[in-house]
Amino acid sequence: MAKMAAYVVESGEDAFRKIFKFYKRRNPPPDLSDVIDFSRSAPGDQVIPAILDPGGVSDVEAARVGLQPVRDWRAFGLQSYPGFMFISNPFLLGSKPFWVRQCLKTYPQKPNVCNLDMHMSPSDTQDIWDKSVHGLSCPHSRKTQPKTLLDSLRWVTLGYHYNWNTKTYSANHYTPFPADLHSLSFQITSACGFPGFNAEAGILNYYRSDSSLGIHVDESELDHSRPLLSFSFGKSAIFLLGGTRRQDPPTAMYMHSGDVMVMSGQSRLLYHAVPRIVAAPQGHPALEMEGCSSASTLHDCSMVEPLSETDWAVCSRYTQSARVNVTVRQVLGPGQSFSETPTSHQKTDADQTEGPHDQLADGESGTRRSSCDSDIVET
């Protein structure tokens, strides 16, 4: 990465965009040897151990949302990124399928908002899961099956619903934030030294194997003193974390299923992007290894429920070729309200077409689609 960074700075093109294009490249495929893999990393010159607060979350509280005891978490930071924390899959065996089901079955339901609402009536998007389950659970080849609504799902917003056009939140566009996701976020942030985190907004992005997430900064929240959480499920991805300027070369890292990132402090307003979805490295446990038989590891007091065989079949099949990312934010700080002047528009990748900051781009050709577009571009 150091050699590549020197090259892009000398080239005169902004470093982040250059490295983004490098990892997005399809032919020839990029060299991934510089990508940090926290699931296999040990502290070194760049990767450092992160300090957690095991006393902030009891074992019972952690288990209730499907997490291992905090003392067993493998948490890291990066030398050049104060406030950035990476937790390598802290979930109990058998609990990730529940969270995947919530992302596919529960959170897309009304009154939450999704990209399909821009093209379809509320009645048509009311039961995305029920209208998709037969096609996704069918044992035949997916290529021979018509696309389901779940296949066309690209984003869902929760709590304070993000306005993609104005890049703001507002008091009059709000629905109750899911209690289970709030509890999961609260336990994670408490263990990371941020007690009292209030999950108020969530954005779920649904990636296909050829999707990417453009270069952006998350700054629409009125309070930046609270961390930004990111949960990954399904296929792995390459994540790029840069600096406060586009000229700052980013660091590349894998995000595997179950990984959690916390961006706080100086890292809260850094440029970042996802140029590529990838298969998990050999030997990394896949979600399908956590089938219904692993439900016995869940505690009786847990809000994490075992999946039915049908639900498990759909979740397993979906995550074999797709990735779900959940970002959770606290929008308002103590005493803040939306009567204040909204924050400035988010910084976005100038090369993208007009649209939301975290619109996904499909396909090798770089064809863009707005986040309100339900069409899938196949290559």
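Remember, predicted model here, so these are calculated numbers, not experimental data.

1. Here we look at the packing of aromatic side chains
Point 1. As enumerated under the stated definition, the model contains ten aromatic pairs in all.
Point 2. Note on phenylalanine 98 and tryptophan 99: the rings are 5.0 Å apart at their centroids and 80° apart in plane angle, and the pair reads as edge-to-face. There is no split in this pair, since phenylalanine 98 and tryptophan 99 are both buried.
Point 3. Taking 5.4 Å as the distance between ring centres and 65° as the angle between the ring planes, the aromatic pair formed by tyrosine 162 and tyrosine 169 counts as edge-to-face. Each of the two residues, tyrosine 162 as well as tyrosine 169, counts as buried.
Point 4. The structure contains a cluster of three or more aromatic residues connected by ring pairs, namely Trp155, Tyr162, Trp164 and Tyr169.
Point 5. Positioned over the ring face of tyrosine 207 is arginine 323, at 4.8 Å from the centre of the ring.

2. So, the confidence of the model for the protein
Point 1. For the protein, the average pLDDT comes to 83, and 78% of its residues sit at 70 or higher.
Point 2. Across residues 340-359, where pLDDT falls below 50, the model places 64 contacts with residues more than four positions away in sequence or in other chains.
Point 3. Contacts of residues 362-379 to residues separated by more than four positions or lying in other chains number 50 contacts, the stretch itself having pLDDT below 50.

3. Considerations on the sheet that holds strand β8 (residues 228-234)
Note: strands within a sheet are paired through backbone hydrogen bonds, in either parallel or antiparallel orientation.
Point 1. What the nine strands build is an open sheet, ordered β1-β2-β3-β11-β8-β13-β6-β5-β4; its pairing is antiparallel. On the outer flanks of this sheet lie β1 (47-49) and β4 (113-114), each paired with one strand and no other.
Point 2. Where strand β2 (residues 75-78) lies against strand β3 (residues 81-87), three bridges are found, and the strand directions are antiparallel. By the bridge assignment for β3, leucine 78 is matched with tyrosine 81.
Point 3. This element, helix α7 (residues 179-191), spans β3, β5 (155-159), β8, β11 (260-263) and β13 (322-329) of the sheet and lies at about 115° to β8.
Point 4. On top of the sheet, helix α8 (residues 309-319) reaches β6 (201-208), β8 and β13; it is set at about 95° to β13, its chief contact.

4. Brief notes about the pattern of salt bridges
Any two side chains of opposite charge can pair, on the condition that their charged atoms come close.
Point 1. This model, assessed by the stated rule, comprises twelve salt bridges.
Point 2. Here aspartate 311 ties to lysine 105 by a salt bridge, and the two come within 3.1 Å at their closest N and O atoms. Here lysine 105 lies in helix α4 (residues 96-106) and aspartate 311 lies in helix α8, a separation of 206 residues in the sequence.
Point 3. Look at lysine 105 and you get partly exposed, because its relative accessible area is 24%.
Point 4. Between glutamate 221 and arginine 268 there is a salt bridge whose closest N-O contact spans 2.8 Å. Residue glutamate 221 is located in the loop between β7 (211-216) and β8, and its partner arginine 268 is located in the loop between β11 and β12 (272-278); the two are separated by 47 residues in the primary sequence. The pair glutamate 221 / arginine 268 is uniform in exposure class, with both members buried.

5. A few points about the environment of proline 306
Point 1. In this structure, proline 306 sits in the loop between β12 and α8.
Point 2. Residue classification places proline 306 among the exposed positions, given a relative accessible area of 52%.
Point 3. Spatially, the C-alpha atom of proline 306 lies 6.7 Å from that of phenylalanine 98, the residues being 208 residues apart in sequence.

6. Let's talk about the pairing of β2
Point 1. The two faces of β2 match: Ala75 and Gly77 on one face and Phe76 and Leu78 on the other face are all buried.
Point 2. Of the pairings in the sheet, the one linking β1 to β2 comprises three bridges and is antiparallel in character. Along β2, the bridge assignment pairs isoleucine 48 with glycine 77.
Point 3. Linking β2 to β3, which pair antiparallel, is a turn of two residues.

7. Overview of the side chain of serine 257
Point 1. Examined against the element boundaries, serine 257 turns out to sit in the loop between β10 (251-255) and β11.
Point 2. With relative accessibility at 6%, the residue serine 257 sits in the buried group.
Point 3. In terms of polar contacts, serine 257 uses its side chain to reach the backbone amide nitrogen of glycine 234, at 3.1 Å.

8. Describing the pairing of β13
Point 1. The element β13 is largely enclosed, with a buried count of eight among its eight residues.
Point 2. Here β13 shows a buried face lined by Ala322, Val324, Val326 and Val328 and a second buried face lined by Arg323, Asn325, Thr327 and Arg329.
Point 3. In this structure, β6 lies alongside β13, joined through eight bridges in antiparallel fashion. Following the sheet pairing, glycine 202 is matched in β13 by valine 328.
Point 4. Across six bridges, β8 lies against β13 in antiparallel orientation. In the strand pairing of β13, leucine 229 is matched with valine 328.

9. Here we look at the packing of α4 against α8
Point 1. It is the contact of α4 with α8, at a shortest axis distance of 10 Å, that shows an interaxial angle of 85°. When the axis of α4 is compared with that of α8, the two are roughly perpendicular. Residues Pro97, Val100, Arg101, Leu104 and Lys105 of α4 touch α8, and the partners they reach there are Asp311, Trp312, Cys315, Tyr318 and Thr319.
Point 2. Of the residues assigned to the contact of α4 with α8, the class counts are six nonpolar, one polar and three charged.

Cut-offs applied
- Residues numbered from 1 in each chain as written.
- Predicted model: local features only at pLDDT ≥ 70, side-chain atom pairs only at ≥ 80, totals over all residues.
- Heavy atoms only, no water.
- Phe/Tyr/Trp six-rings, centres within 6.5 Å; stacked < 30°, edge-to-face > 60°.
- Buried < 20%, exposed > 50% of the residue type's maximum accessible area, 1.4 Å probe, protein only.
- Lys NZ or Arg CZ within 6 Å of the ring centre and 35° of its normal.
- pLDDT = per-residue confidence, 0-100.
- Contact = heavy atoms within 4.5 Å.
- Pairing = 2+ DSSP bridges.
- Helix = DSSP H or I, 4+ residues; strand = E, 2+ residues; numbered from the N terminus.
- Axes fitted to C-alpha atoms, helices over the stretch in contact; angles between N-to-C directions.
- Salt bridge = Lys/Arg side-chain N within 4 Å of Asp/Glu carboxyl O.
- Polar contact = N/O pair within 3.5 Å; in protein donor to acceptor, adjacent residues only side chain to side chain.
- Parallel < 35°, antiparallel > 145°, perpendicular 65-115°, else oblique.
- Nonpolar A, V, L, I, M, F, W, Y, C, P; charged D, E, K, R; others polar.

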